[in-house]
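A closer look at the structure
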Amino acid sequence: KVYYFNHITNASQWERPVGDGRGEPDKVRCSHLLVKHNQSRRPSSWREQNITRTKDEALELIQKYIEDIKSGEEKFDALASQFSDCSSAKNGGDLGLFGRG
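Residues numbered from 1 in each chain as written. Predicted model: local features only at pLDDT ≥ 70, side-chain atom pairs only at ≥ 80, totals over all residues. Heavy atoms only, no water.

**With respect to the pattern of salt bridges**
All told, the structure shown has 5 salt bridges when counted by the stated rule. Between Asp85 and Arg47 there is a salt bridge whose closest N-O contact spans 3.2 Å. Here Asp85 is found in the loop between α2 (76–83) and β4 (94–99), whereas its partner Arg47 is found in the loop between β3 (27–31) and α1 (55–71), with 38 residues between them in sequence. Look at Asp85 and you get buried, because its relative accessible area is 4%. Among the residues examined, Arg47 registers a relative accessible area of 32% and is labelled partly exposed. A salt bridge links Asp68 to Lys64, with the shortest nitrogen-to-oxygen separation between them at 2.9 Å. Note that Asp68 and Lys64 are positioned in helix α1 at a spacing of 4 residues, about one turn of the helix. Judged by relative accessible area, which is 10%, Asp68 ranks as buried. Given the relative accessible area of 42%, Lys64 is considered partly exposed. (Salt bridge = Lys/Arg side-chain N within 4 Å of Asp/Glu carboxyl O. Helix = DSSP H or I, 4+ residues; strand = E, 2+ residues; numbered from the N terminus. Buried < 20%, exposed > 50% of the residue type's maximum accessible area, 1.4 Å probe, protein only.)

See the structure below:
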């Protein structure tokens, strides 16, 4: 199931966000913080050559990151820069703009 989190307002929800009445933009900006585990398709990253954490350990890390962001203790882009297993970490987890749909 897809989970939506607005890192600017810290709002989170399971339902797809709706526009603000000004119309939906043609593009949306996406960011993520990737936490790989030892059963990932490619269990290595720019951070670690051989990822050994279990899937449960990866899920625990993700849950901790969510709690830290929601509490205001950490910013999404700071966590993504430091801990994401994706090369987008160098951009704070920013994947860029995507067309809707």
